[in-house]
Each structure stands twice: as structure tokens, then as C-alpha cells.
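# Commentary on secondary and tertiary structure
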4 protein chains.
Amino acid sequence: MTRSDGHQRDVNTAAGPIGWPEGFTAAACLTFDMDAEAAVLSTDISSVDRMSPMSHQSYGPLVGVPRILDMLERHGLKATFFVPGYTAHRYPATVRSVAEAGHEVAHHSYFHENTAGMDARTEADMLDLGIKALQEVAGVTPVGYRAPMWELNYHTPRLLEDRGFLYDSSLMDADHPYRLAVDERPQAGSIVQVPVSWGLDDWEQYAFLPGLIGSGVIESPAKALEMWTWELEAMHRLGACFVLTCHPFLSGRPSRAEALERLIERMKELPGLWITTVAEVARHTASLDLVPRTCPQPRIPEQAYWVPRRP
Amino acid sequence: MTRSDGHQRDVNTAAGPIGWPEGFTAAACLTFDMDAEAAVLSTDISSVDRMSPMSHQSYGPLVGVPRILDMLERHGLKATFFVPGYTAHRYPATVRSVAEAGHEVAHHSYFHENTAGMDARTEADMLDLGIKALQEVAGVTPVGYRAPMWELNYHTPRLLEDRGFLYDSSLMDADHPYRLAVDERPQAGSIVQVPVSWGLDDWEQYAFLPGLIGSGVIESPAKALEMWTWELEAMHRLGACFVLTCHPFLSGRPSRAEALERLIERMKELPGLWITTVAEVARHTASLDLVPRTCPQPRIPEQAYWVPRRP
Amino acid sequence: MTRSDGHQRDVNTAAGPIGWPEGFTAAACLTFDMDAEAAVLSTDISSVDRMSPMSHQSYGPLVGVPRILDMLERHGLKATFFVPGYTAHRYPATVRSVAEAGHEVAHHSYFHENTAGMDARTEADMLDLGIKALQEVAGVTPVGYRAPMWELNYHTPRLLEDRGFLYDSSLMDADHPYRLAVDERPQAGSIVQVPVSWGLDDWEQYAFLPGLIGSGVIESPAKALEMWTWELEAMHRLGACFVLTCHPFLSGRPSRAEALERLIERMKELPGLWITTVAEVARHTASLDLVPRTCPQPRIPEQAYWVPRRP
Amino acid sequence: MTRSDGHQRDVNTAAGPIGWPEGFTAAACLTFDMDAEAAVLSTDISSVDRMSPMSHQSYGPLVGVPRILDMLERHGLKATFFVPGYTAHRYPATVRSVAEAGHEVAHHSYFHENTAGMDARTEADMLDLGIKALQEVAGVTPVGYRAPMWELNYHTPRLLEDRGFLYDSSLMDADHPYRLAVDERPQAGSIVQVPVSWGLDDWEQYAFLPGLIGSGVIESPAKALEMWTWELEAMHRLGACFVLTCHPFLSGRPSRAEALERLIERMKELPGLWITTVAEVARHTASLDLVPRTCPQPRIPEQAYWVPRRP
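Note that the structure is predicted; figures quoted are calculated from it, not measured.

## So, the interface of chain B and chain A
- Taken residue by residue, the interface counts 57 residues in chain B and 58 residues in chain A.
- Note on chain B versus chain A: buried area summed over both sides is about 5100 Å², and carbon and sulfur give 59% of it.
- Our count for the contact surface shared by chain B and chain A stands at 18 residue pairs in polar contact (both at pLDDT 80 or more).
- Per-element accounting of the side of chain B that touches chain A gives the leading share, nine residues, to helix α8 (residues 221-238) of chain B.
- The residue inventory of the side of chain B that touches chain A, partitioned by class, reads 30 nonpolar, 13 polar and 14 charged.

Now the structure itself:
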């Protein structure tokens with residue numbers, strides 16, 4: 001953390017709209033984070049002895065994923081599944097079925113580790129473990145990455161570029177995909193960023209395990225559908241890239257899957273909407289030869305010498 | 001907790017749809033957890049001196065249960081009441097009235113103890129105390145069990161089988177009932193599992209006692225009704241077993257009971273829906289001679305050597 | 001806290017429906033807790049130096065109460081205002097205007113102290129301070145009491161009877177008012193209880209001051225109106241006593257007051273609904289010569305020897 | 001904190017309705033708090049190393065503000081942007097574009113510091129730093145102030161008057177703007193107060209960053225729009241001043257901006273509604289030569305000798 005005089009160069013530039021492939025005016029990606037048990041175990045390792053929370057998480061690969069795969073097939077759509085390596089080791093048949101159905105299998109850490117504050121060496125190990133697991137289990141070398149809890153470190157983009165990743169999908173500063181410089185040096189390499197947002201995540205709508213995850217409020221699928229439809233239609237009008245993040249252990253439940261299907265039906269009605277995988281969006285974005293942009297880390301001003309007191 | 005190499009056998013299999021009795025294509029169970037004071041006392045024992053929270057809990061057996069019994073009789077339905085032993089000792093007339101009306105009285109611990117991390121010896125004692133209480137008070141030997149807060153331990157299924165229980169209703173990894181092997185040994189015995197889910201529980205919609213229970217948000221019965229109707233209809237279409245969990249101290253309130261009655265009316269309109277007790281569903285499931293499935297405990301991978309840091 | 005063998009006498013009896021005055025079949029009371037600053041100061045005394053939270057609380061007596069008085073006058077209704085002594089000392093003109101408009105001024109502690117676990121001596125002092133403040137400021141000797149946060153102690157009913165109170169309105173074990181024995185001795189005196197419920201409180205719908213009060217969620221008046229209307233109509237059908245608890249610093253805000261007015265309009269459409277003060281309901285209940293009932297304190301069973309572990 | 005006998009002079013008077021400029025009967029101000037990274041950094045300084053939360057905050061100046069500026073231009077409206085000095089230093093082009101479009105740039109601290117309990121000397125330094133930043137970056141000397149989290153100290157009004165500020169917009173005790181005496185001395189100077197309320201803030205509806213901000217619940221724009229429309233229409237009927245507080249990193253998201261636009265469309269339909277900046281409302285209020293009112297600090301009564309025990 002560097003302290004400066006607080007007068008920073010105006011290096012911040014927004015990621016603007018991009019052109020879409022012939023015939024399309026906007027894009028939409030359905031993404032599924034196959035966290036299964038890892039998301040809970042990495043929150044509280046002692047939950048490994050709690051059979052009910054573990055069964056709640058296994059609903060994802062056992063029931064949610066097959067239901068979602070059927071739904072996607074029914075609609076002729078391809079989606080992106082972000083899979084922790086641990087999920088691949090624990091549910092290899094499920095992960096293989098995702099790959100065999102032609103969907104994208106992408107990287108989502110090894111054990112859904114909290115990456116906030118993780119040093120680069122540990123994060124590199126974790127990335128390599130995750131790649132290895134997906135290669136071993138599904139024969140897939142992932143081109144895309146999403147951090148657990150979307151917690152990217154400033155060193156993560158470089159780690160991804162070093163490993164040949166095409167894209168990351170964890171940042172929240174744009175409605176459109178863009179080329180992200182892996183650091184602030186002039187000749188730094190770049191990857192594609194396909195941004196997300198908390199309002200397009202099913203976790204805050206549905207997740208609850210006492211003492212482990214969730215606010216304690218569980219929303220109706222009708223409310224989630226309303227909210228996501230508003231955002232879908234607004235992003236479609238903007239020519240943006242709508243990226244919905246669902247968790248099969250949550251959105252795989254019967255009526256939530258139906259809400260998702262209604263959203264898909266709405267997607268298909270929208271003219272010029274390219275419904276595709278994140279990798280396809282990233283490949284297209286990469287083909288545009290955009291100028292890489294940086295997300296410069298804030299510098300703490302010297303004047304802010306008082307200790308922030310709000311908890 | 002056993003550490004392994006992270007490469008686990010693919011022992012996980014989903015519980016698929018089952019056939020239902022002649023004339024039925026799906027099932028629905030109304031269940032009522034008669035927690036009364038125990039659910040709050042086991043959270044904070046000092047609440048025993050707080051007259052208002054205690055009166056809030058006693059609303060369940062004093063007002064909620066009679067109202068629910070009337071409603072069930074009006075609709076000619078039988079339901080399942082999961083009763084802590086302590087509730088039976090404190091409200092014997094209420095518990096007897098449930099049994100006498102022909103509803104199922106099932107086991108819900110003795111004192112709504114937190115079973116997460118409870119050793120098998122203590123849990124066995126608790127189970128025996130609960131059985132004894134239901135036998136003494138209502139003349140009932142329960143065939144079904146539901147853990148407080150749905151917190152089953154991996155040793156619990158065996159404790160249940162040892163005591164002759166037909167079923168448990170605390171796990172969340174399926175939409176359909178199944179035969180659950182009591183452990184992972186090839187010749188282990190089995191019980192029936194009738195799974196539940198957090199989205200079909202009235203606690204997260206309605207529960208609030210400051211500093212004791214609830215998120216602080218209290219939902220409208222209209223919202224709960226909407227959400228549960230969505231799930232009822234979706235599960236009906238899937239041929240699944242809808243299991244709603246209500247608490248008489250919550251859903252026994254006037255307008256919440258009316259919301260429940262509207263849900264019952266919707267249930268009765270759905271063709272082929274078998275509205276019955278959990279015990280009946282479990283007996284039917286047991287009669288199908290299904291292959292028992294396991295819910296294998298996760299093993300922590302050796303690679304996950306970093307300390308999970310997320311709170 | 002007394003330990004017993006867990007086998008308690010079946011002393012619990014519900015409070016059943018009562019007859020209402022000629023021409024009425026149910027009752028409804030609008031109650032306003034004039035907490036003002038005390039409710040926040042008693043939560044965190046250091047908030048006395050935070051001008052904005054203090055201004056948020058003073059909205060109640062300065063703006064909310066006059067608006068509510070106008071609305072009540074417009075509809076020709078009398079309501080009950082539960083007033084902490086401190087509020088009377090700080091806003092004497094407002095409190096006098098409530099009394100002068102013919103509304104009931106009742107007791108709501110002196111400083112909105114947390115009474116949970118408060119010893120009888122301190123609670124007696126607090127009651128006397130509150131009585132004195134209302135007498136001095138508004139010339140009123142209150143006949144009704146409501147505990148801050150509805151936290152009655154088991155010794156409180158006797159303290160109230162000793163001071164000649166007609167009723168308390170803090171318990172939650174019934175839909176109908178009843179005669180409450182001040183303790184479990186056979187010849188104990190009694191007061192009237194007019195019960196409340198958390199679902200009929202505007203606090204959980206609207207209250208928010210960061211780090212001081214509220215869950216962080218702020219509901220729409222449309223949602224509160226829907227929820228309260230459901231309960232109003234259900235209680236009307238049951239012949240019960242609907243008691244709504246609002247806080248002028250919350251429900252006095254413009255659109256929330258309009259939601260309340262729509263509820264009042266609905267009340268006036270319901271045939272046979274007696275819209276009156278809590279004191280009137282209590283006087284009527286007292287006139288019925290009901291058998292006093294007890295709310296027996298739970299006894300912790302000896303068998304519950306394990307330490308409850310849920311936080 | 002001064003203890004008194006609890007008998008305070010009745011110095012509290014409400015701020016009543018004011019006359020509006022010719023042709024207008026009520027007012028509405030759209031305000032945007034450009035917190036960007038500072039609001040999160042001042043909550044947890046270690047978040048400076050978390051790239052995703054930082055990107056979430058930068059969405060505000062990079063994407064949200066341009067979208068909002070376009071929308072305001074489309075409707076021919078001027079709004080007020082409360083800008084921390086740090087945001088001006090980090091996003092000078094954005095802040096200049098706000099000023100160049102003719103909107104009001106007002107003061108919102110330097111680093112979104114928690115001002116609760118801040119001593120007057122530190123707060124004065126912070127105010128001066130913020131003024132300097134807005135002057136340097138946007139060539140603007142702000143006439144208005146809003147405290148971070150609306151946390152005004154009782155000494156803040158005097159600090160503002162000393163620096164020539166026309167108004168503050170952080171208090172919550174009125175529906176109408178008023179003249180606020182900077183302290184309780186008879187001949188104290190005054191500034192204008194344009195009050196706000198928590199129900200008219202997008203933070204409680206939309207904000208979420210795990211472990212940093214928000215309750216964990218994310219509301220639909222449809223719900224926020226419904227709630228704000230209710231309050232807009234109610235305040236319009238009262239001749240009051242509706243002040244909506246939005247954060248570009250929240251309400252700048254596509255469908256939330258559309259909800260805001262629908263609210264603007266409703267505003268424009270309301271007859272006699274003056275849609276303008278807070279500075280214009282303050283200038284008009286100042287021109288009315290109102291009697292300054294005080295917001296007297298509560299004094300803790302000596303009788304409240306018990307330690308408040310509620311957490």
C-alpha cells in the first residue's frame with residue numbers, strides 16, 4: 001500500500017461499448033459456479049462434519065447440474081461452468097457431463113479459497129492445482145477464470161496471463177467486456193475481462209445455511225426473475241454483455257430453475273441478443289484489438305492520517 | 001476429518017424420481033416443528049427469564065396448533081408434527097390432541113439441542129429421552145426423526161436405524177425421497193430419507209426475536225405464499241415430494257395460517273398430488289426396495305494446506 | 001432458574017375469544033410508541049453526540065406525532081400513545097397535545113431502558129419515574145404499560161398491579177386480550193393483557209440507523225400495508241384484537257403515514273370492528289370477569305445437561 | 001455529555017412548510033454521492049488490496065456518472081453531486097464533467113471519513129482539504145455540505161458557517177428545508193438545512209460487498225422505484241422537499257438507472273414540482289428570512305443511572 005500526495009494522474013478510463021459479431025447487438029452469458037461443498041468448507045472447515053450443510057451443497061452437482069443441462073439442451077444454449085478443482089475431483093462424472101454436452105468448463109480455484117489478501121505464490125499454486133484437476137477429470141484446459149467470491153488480487157491478472165488464460169470474469173467496473181492490462185506498466189500484457197455484478201448473482205437472493213452463508217433472508221424466485229429481467233432488458237438496450245451468475249445448489253432447485261427458464265425465454269425474444277459462453281465473448285473481444293485499460297490501485301492519501309473508525 | 005489426496009471415488013449418485021402409489025404422480029407433506037420454548041432456550045438459556053420471548057414461543061402450542069388442527073380437519077388432511085420431548089412434557093394436552101386427531105407425531109430431539117458437532121453418545125441419550133417423552137405423553141413411538149435446525153451428524157443415521165426409526169427428514173440433496181445407507185460400508189443398513197430445503201421453511205420468512213432468532217426482516221404471508229406456490233407447482237410437475245416445514249409459533253398467526261390454507265387449496269387442485277404424512281411417504285418409499293445410496297463425507301484435500309481466511 | 005425433572009404440570013391454557021361490546025365482533029387498536037431519542041440512547045449512550053441519529057429520532061415528536069394526530073382526527077379515532085418519561089420531559093408540548101386530543105397516554109418506561117434481566121427494584125424505580133413524568137407533564141396517570149422492546153420480566157406484572165395499572169401490552173401468546181395472573185400463586189392478583197406481535201410492528205419494516213438499529217433492510221410502505229392488511233382481515237374474521245405498533249419517527253414519514261391511513265380506511269370498512277384505545281379494550285376485558293390465566297415460566301429440565309452450543 | 005435533571009425546556013420546534021417560488025408548490029432534488037473507493041476504504045483500509053471491491057466502486061465515476069449525466073441532460077434537469085475530495089483527485093475528468101454540465105458540485109468530506117465522534121479540529125482539517133480538492137480539480141467552491149453517512153456532529157454546523165457554507169444536507173428531523181442555528185446561543189449564526197431520510201437512499205436497497213458494506217440483501221429496482229414513488233407523491237402533496245440520495249456505483253447500473261428515469265418521469269408529471277439542485281432550494285430558503293431553529297442535543301437524565309444493557 002503506497003501513500004501518495006493524493007493527486008493521482010487521471011489514468012482511469014471507462015470500458016466503452018464494443019461491436020458484436022454480425023447480426024448481434026448485445027450479448028448474454030449464463031454462468032454457473034459449481035462450488036458444491038468447497039464454498040462452505042472454505043468458510044468454516046468444521047462444517048465438514050455437518051451432514052446437512054454438506055447435503056445442501058451436494059444438491060448442486062447431484063441434482064442442480066443435470067436439471068440445468070437438460071434445460072440448456074432444451075433451449076439449444078451453451079453456458080459456462082466455473083468449476084473448483086475440488087468439485088471436479090469429488091464429482092468427476094458430473095463435470096465430464098458438462099464438458100461432453102459442449103459447455104465451457106472454466107477455472108474457479110481449487111478449493112474455493114478466500115483469495116482476498118492471498119500472496120501471489122499461494123495463488124499461483126492454487127491456480128495450477130485447479131488447472132490440473134480440470135485436465136485430469138474433464139480433459140479440459142480452461143481458458144477462463146473466475147475468483148471465488150470474485151476476489152481478484154492486483155497480481156492475479158499477471159498470474160492468469162502467465163498461464164495462458166484468455167479471460168477473467170471477476171471485476172465489476174463495466175457493462176462491456178474489455179482488454180485488461182495485467183499491470184500498470186506501459187508494455188504489460190493483457191487478458192480479456194468479462195465483468196460481473198452483485199445484482200446478477202443468485203447467492204444474495206437465495207443462499208442460506210445458518211452460521212455459514214447468507215443474510216437469513218430467502219427471496220422468492222419471482223423477485224429474482226423480476227430483478228434480472230429488468231437488468232437483462234436494460235443491458236440489451238445498451239448493447240452490453242449481461243452475465244448472470246448462478247449456483248446449481250441454489251438455482252437448481254425446482255422453482256428457481258423455472259424462473260431461470262423464464263429468463264431464458266425472455267432472452268430468446270430479445271432481437272440481436274447473442275446468448276453464448278464467456279469464452280466466446282472473450283474470443284470475440286480479443287479479436288477486436290482494443291487498447292488495454294488498467295484498473296489502477298487506489299493510493300491512500302497522506303492527508304488521510306486519521307484512523308478510519310467505522311467498523 | 002480425514003485428509004486424502006483429493007482424488008475421491010465417484011461414489012456420489014443422485015436420488016432419482018420414484019413411482020408413487022396408484023393414482024398419484026407426486027407427493028406433498030405438511031410438517032410442523034413444535035419447537036415452542038426449546039428452540040429459543042437452546043439458543044440462549046438466559047432467555048428463560050424473559051417473559052415476552054417465552055410468551056412468543058408458547059403461542060405455538062397454545063394458539064397455533066389448535067388453529068392448524070382445525071384447518072387440517074376442515075380439509076381432511078393428515079400432517080406430521082415433529083415434537084421435541086420437552087414440548088411434550090410442557091404441553092402434554094396439545095401433543096395428545098395432535099395424536100388423537102390422527103396426525104403423525106415424530107421425533108424432534110429432546111430440548112431442540114444444537115446437534116452440530118454433538119458426539120454420538122450424547123446424541124443417543126438425547127434420542128432416547130425424546131422417544132421416552134413421546135411414549136409417556138402421547139403413547140406414540142415415533143417412526144420419524146428430524147434434527148433441530150436440520151443438523152444431522154454423519155453418525156446420526158446409524159443411531160436412528162439402531163432405534164428402529166423408519167425415516168429421517170433433515171437432508172437437502174434431493175427432490176425425491178430415497179433409501180439412505182446409514183454409513184459407507186457395503187452392507188450397512190439403511191433408513192428412508194425424505195429431504196427438505198431452506199426455501200420451504202417458514203423460519204427464514206417470519207422468525208424474529210431480538211438478539212435471539214431471525215435476520216430482523218419479517219416477510220409478508222403474501223410473499224411466502226407466492227414462493228411456496230412456485231415450488232409446489234414446480235415439484236408437482238417433477239413428480240417430486242414437496243415438504244413444507246412450518247412452526248406453529250410462526251405460521252399459526254392468523255394471516256399466516258390463511259396463507260397456508262391458500263397453499264393447501266392450491267395443493268388440492270393439483271391433479272395426482274398425494275397429500276399425506278412423512279411416515280406414509282417413507283413407508284411407500286421403503287416398499288420400493290430401492291438401492292441405498294450414501295452421502296459420502298467430503299475429505300479435505302492435502303493441497304488445501306492454507307488456512308481458510310474468510311470469516 | 002429452577003431445574004426440575006422436566007415433567008411439568010399441564011398448567012398452560014390458551015386465552016380464548018371474548019365477547020365484545022354490543023354491535024362489535026372484533027377490535028383494533030392503533031398504538032404509537034413515542035420512543036424518540038431514548039430508544040437509541042439506551043442502545044448506545046454515545047449516540048448522544050451524533051447529531052444526525054438524534055435528529056432522526058426527534059422527527060417522531062416534531063413531525064410524526066402532529067401528522068398522526070391530524071390523521072386520527074380526520075378519521076374520528078382515538079389511539080394509544082406509549083410514552084417514555086424522558087420523551088415527556090423533552091417534548092412536553094407534544095405529549096400534552098396527545099392528551100388534549102383525547103388519546104390515551106400510557107407508560108413506556110422512563111428512558112426506554114432494556115428491561116431484559118432488570119431486577120425488580122430497578123424496574124420499580126423506573127416505573128415510578130415514568131408515572132411521575134406523565135403526571136407532571138401531561139397530568140395523566142397512566143393505566144396501561146408496555147415494556148421497551150416488549151421485554152416483560154416475570155416479576156413485572158406484580159409491579160404493575162402494585163401500582164394500580166389496569167393492563168400491560170407486551171406479551172405475545174394470544175390473539176385475544178385476557179386476564180393475566182400476576183404470578184402463579186392461586187390467589188395472586190391480576191391485570192389485563194392485550195397482546196402484541198412482531199409482525200404488527202413497524203420497527204422491523206422501516207427502522208435503520210447504521211450501527212444502532214435495524215437489519216439494514218428498509219421495506220416499502222406498500223409491503224407493510226399488504227402484510228398488516230392481511231393480518232387485520234384475518235384477525236377480524238377471528239373476532240380477535242388487532243394491535244398495531246407504530247413509531248412516529250418511522251411511520252410518521254409522509255408515505256408511511258399514507259400507508260397507515262389506507263389501513264385505517266380498510267379498518268373502517270370492516271363490519272363490527274371496534275377501533276378504540278388499548279385502555280378501552282382493557283376496561284371491557286376487565287368487565288368480563290374472566291378466570292385469570294398464568295404464563296408459567298419454563299423450567300430447565302435436568303436432562304438438558306449439555307451446554308447449548310448454538311450462538 | 002451533560003447530565004441534567006431531565007426536565008428540559010421545551011425548546012424543540014418543528015420546521016414547518018415554506019412557500020416555494022412562484023408557480024411551484026413543492027420541490028424535489030436528485031442528489032448523487034460520488035463516494036467511489038473512499039466509502040469502502042474508510043470502512044476497511046485493507047480493502048485497498050482487493051481489486052474486485054475497488055473495481056465495484058470505480059464503476060461509479062467511470063460508468064455510473066456518465067450515464068446519469070446523459071439521463072439528466074435528456075430530461076433537462078440539474079442535480080447535486082456530493083463529491084469527496086479524494087474522488088476529485090482520483091477522477092478529475094469525471095468531476096469536471098459534472099461541473100461543466102452545469103450541475104452542482106458539493107462537499108462530501110475528503111476521504112469519506114467516519115465523522116461520528118470526530119473532534120472539531122480534525123473535522124475542520126477534513127473540510128478544508130475537501131474544499132481545496134474541489135477548487136483545484138473542478139474550479140468550484142462548494143456552497144453545500146453532506147457528511148459521510150450523514151453523520152453530523154453538533155459542532156459541524158458552526159464549522160460550516162465559519163467557512164461560508166450556505167447549507168448542509170445531513171439531518172433528518174423535517175420534511176421541509178429550514179434555517180438551522182449553528183448552536184443554541186441566542187445570537188448564533190445559521191445555515192440552511194435541507195433534510196434527508198434513510199428511506200430515500202439507494203444504499204440500503206442495493207449496496208453489497210461481502211464483509212464491507214450492505215446487509216446481504218439486494219433489492220429489485222422495481223421495489224426501490226415503488227417505495228420512492230410513494231414518498232415522492234406523498235411529499236408532493238405536503239408541499240415538502242423530496243431529496244433522493246443515490247450513489248453512481250449503485251444506481252448507475254443499467255436497470256437501476258432506468259428505475260431512476262421512471263421516477264424522473266413521474267416527477268415531471270407532478271404539477272408544481274420544482275426539480276432543482278439542493279443549492280437552489282437552499283438559496284430560496286435563505287431568501288425567506290426564517291427564524292433559525294435549533295436541534296438541541298439531548299441531555300442524559302440523572303435518573304438514568306443504570307447502565308444500558310442492550311447491545
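Now that the structure has been shown, the text picks up again.
## Observations regarding the UniProt feature "domain: NodB homology" (unreviewed entry) in chain A
- In the UniProt entry, the feature "domain: NodB homology" (unreviewed entry) is given for residues 50-276 of chain A.
- The span residues 50-276 of chain A is 48% helix and 13% strand, and its two end C-alpha atoms sit 38 Å from each other.

## Here we look at the pattern of salt bridges
- For the coordinates displayed, the defined rule picks out 64 salt bridges over all chains.
- Across the salt bridge formed by E151(B) and R50(A), the nearest N and O atoms sit 2.3 Å from each other. Taken as a pair, E151(B) in the loop between β5 (144-145) and α6 (156-162) and R50(A) in the loop between α1 (38-41) and α2 (51-75) lie in two separate chains rather than in one. The residues E151(B) and R50(A) share a single accessibility class, namely buried.
- Of the charged contacts in the structure, one is a salt bridge between R90(B) and E37(B), with a shortest N-O distance of 3.0 Å. Here R90(B), found in helix α3 (residues 85-90), pairs with E37(B), found in the loop between β2 (26-33) and α1 (38-41); they are 53 residues apart in sequence, far enough to count as distant.
- Taken together, the shared-partner salt bridges connect R158(A), D183(A) and R185(A) into one network.

## Re the relation of the copies chain B and chain A
- For the pair chain B and chain A, the relating rotation is 90°, the translation along its axis is 0.0 Å, and the fit reaches an RMSD of 0.0 Å. Taken together, the rotation angle and the small translation identify this as a four-fold axis.
- In this assembly the copies use different faces: only 7% of the residues contributing to the interface of chain B also contribute to that of chain A.

## A closer look at unusual backbone geometry
- Of note in this structure, A36(B) is not a glycine but carries a positive phi near 45°.
- With a phi angle near 55°, H112(C) is a residue other than glycine that sits in the positive phi range.
- Relative to the helices and strands, H112(C) resides in the loop between β4 (104-107) and α5 (120-138).

Each value, and the rule that gives it
- Residue positions within a chain follow its written sequence, with the count starting from 1.
- As they are written, the chains are lettered A onward and the ligands numbered 1 onward, keeping that order.
- This being a predicted model, a pLDDT of at least 70 is required before a residue's local features are given, and a value of 80 or more before pairs of side-chain atoms are given or counted; all residues contribute to the totals for chains, interfaces and linings.
- The side-chain figures draw on all heavy atoms in the structure; neither hydrogens nor water molecules are used.
- Contacts were defined at the residue level, with two residues in contact if any of their heavy atoms lie within 4.5 Å.
- Here's the idea: put two parts together, see how much 1.4 Å probe accessible area each one loses, and the total over both is what we call buried area.
- Between N or O atoms, a polar contact is any pair within 3.5 Å; within protein, one atom must be a potential hydrogen donor and the other a potential acceptor, and residues adjacent in sequence are included only when both atoms are from side chains.
- For helices the rule is a DSSP run of H or I covering at least 4 residues; for strands it is a run of E covering at least 2, with both sets numbered from the N terminus onward.
- Note that Gly is not counted as nonpolar here; it falls among the polar residues with everything else outside the nonpolar set of Ala, Val, Leu, Ile, Met, Phe, Trp, Tyr, Cys and Pro and the charged set of Asp, Glu, Lys and Arg.
- UniProt positions are given in the numbering used here, feature names are shortened, and annotations may be inferred rather than shown by experiment.
- Definition used for salt bridges: Asp or Glu carboxyl oxygen within 4 Å of a side-chain nitrogen of Lys or Arg.
- Partly exposed residues are those whose accessible area sits between 20% and 50% of the maximum for their type, while under 20% is buried and over 50% is exposed, using a 1.4 Å probe and protein chains only.
- For the least-squares superposition of copies, only C-alpha atoms count, and only for residues with pLDDT at least 70 in both.

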